[in-house]
Amino acid sequence: MHRRSQPAANNDRMADLDAAARLTELQAGCTPDDALALFDALPTVRSVDLTGRWTGSELRTGHPMDGLLTASGWYGKQFDSTEDVHPLLFSADGEVFAVEPRKLPVAVADRIPLPVMERVRRALPVLRPVLRTRKPRARLRDVEFRGKVSAAMIYDHLPIIDVFRRVDEDTLLGAMDQRGAEQLYFFVLRRER
């Protein structure tokens, strides 16, 4: 068995620390170019390495959707396998549940005022039976994007691909590439342990 040399392992750890520190800086607010520069500099991740539940947060870049996922009660994503992905998890009354993406106004989300999204979040306990799905609604594939092959989540019924890069062992930076959108929407996923 080939073991990684100590200096190489230390270099990887230092790179992880640098990437995590840079992400922390950007989470205070950044431009789309800042987020894209970090995304492009990060190492790739394989689809098979994403199994599990991940909590999500937004990386605010001035995108028209900034604040909407947080205001709506978005929790994160769940990757059961490369074929079975729950792309949108929400939380209400302490319960995390998968939502059917086709029942959300994704195409016009950037035009919905934040106060409306906050009212939707408060109504999630009532809306949960209508929005919930138990079926996976996306798949994972390794795809080429911006010159690198990395894990990507492909929605079954929406023109959206979320591409992931590795910040560290338990943190991903995601870029939502939506057909017709003028810029990428960035978000962060952290693996639940």
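Note that this is a predicted model, so its numbers are computed, not measured.

Chemist: What's the story with unusual backbone geometry in this structure? I'm lost.
Modeler: The bulk of non-glycine residues show a negative phi, and the bulk of peptide bonds are trans. The phi dihedral of D93 is positive, around 55 degrees, even though this residue is not glycine. Residue position: D93 is located in the loop between β3 (85-92) and β4 (95-98). We classify D93 as exposed; its relative accessible area is 65%. Here the phi dihedral of R146 falls at roughly 55 degrees; this positive angle occurs in a residue that is not glycine.

Chemist: Is there a simple way to explain the environment of D93 in this structure?
Modeler: Separated by 31 residues in the primary sequence, D93 and L124 have C-alpha atoms spaced 8.6 Å apart. Excluding anything up to four places from it in sequence, D93 contacts P125 and R128.

Chemist: Is there a simple way to explain the nonpolar core in this structure?
Modeler: Buried together is how nonpolar side chains tend to be arranged in soluble globular proteins. Core analysis: the largest hydrophobic core is formed by 32 residues, its most contacted members being L50, F79, M153, F164 and L189. Element by element, the count of residues in this core is highest for β3, at four residues. Among the nonpolar cores identified, the runner-up in size contains 19 residues, and A19, L23, L38 and V188 belong to it.

Chemist: For this particular structure, what's the right way to read the side chain of S150?
Modeler: With respect to the element layout, S150 can be found in strand β6 (residues 148-155). Within polar-contact distance, the side chain of S150 engages the backbone nitrogen of V45 at 3.0 Å. In this view, S150 contacts T44, V45, R141, D142, V143, F164 and R165; residues no more than four positions away in its chain are not counted.

Chemist: Help me understand the packing of aromatic side chains, please; the structure alone is not making it clear to me.
Modeler: Two aromatic rings, taken as a pair, are described by how far apart their centres are and by the angle between their planes. Scanning all chains against the criterion turns up six aromatic pairs. Between the aromatic rings of F39 and F145, the centroid separation amounts to 6.1 Å while the plane-to-plane angle is 80 degrees, which identifies the pairing as edge-to-face. With F39 in helix α2 (residues 32-41) and F145 in strand β5 (residues 138-145), the pair connects residues that are 106 residues apart, well separated along the chain. Comparing F39 with F145, the two get one shared label, buried. Where F79 meets F164, the ring centres are 5.8 Å apart and the plane angle is 75 degrees; that geometry is what we call edge-to-face.

Chemist: I would appreciate a short explanation of the pairing of strand β9 (residues 185-191) in the present structure.
Modeler: For a regular strand, side-chain orientation follows a simple rule: the groups alternate between the two sheet faces. With six of its seven residues buried, β9 lies for the most part within the structure. Two elements, strand β1 (residues 52-58) and β9, share five bridges in a ladder whose sense is antiparallel. If you follow G56 over to β9, its bridge partner there is L189. With six bridges joining them, strand β8 (residues 171-178) and β9 adopt antiparallel strand pairing. Paired with L172 across the bridge in β9 is L189. A loop of six residues connects β8 with β9, the two strands running antiparallel in sequence, and G180 in this loop sits at a positive phi of about 90 degrees.

Scoring rules and cut-offs
- Residues numbered from 1 in each chain as written.
- Predicted model: local features only at pLDDT ≥ 70, side-chain atom pairs only at ≥ 80, totals over all residues.
- Heavy atoms only, no water.
- Helix = DSSP H or I, 4+ residues; strand = E, 2+ residues; numbered from the N terminus.
- Buried < 20%, exposed > 50% of the residue type's maximum accessible area, 1.4 Å probe, protein only.
- Contact = heavy atoms within 4.5 Å.
- Core = buried A, V, L, I, M, F, W, Y, C linked by side-chain atoms within 4.5 Å.
- Polar contact = N/O pair within 3.5 Å; in protein donor to acceptor, adjacent residues only side chain to side chain.
- Phe/Tyr/Trp six-rings, centres within 6.5 Å; stacked < 30°, edge-to-face > 60°.
- Pairing = 2+ DSSP bridges.

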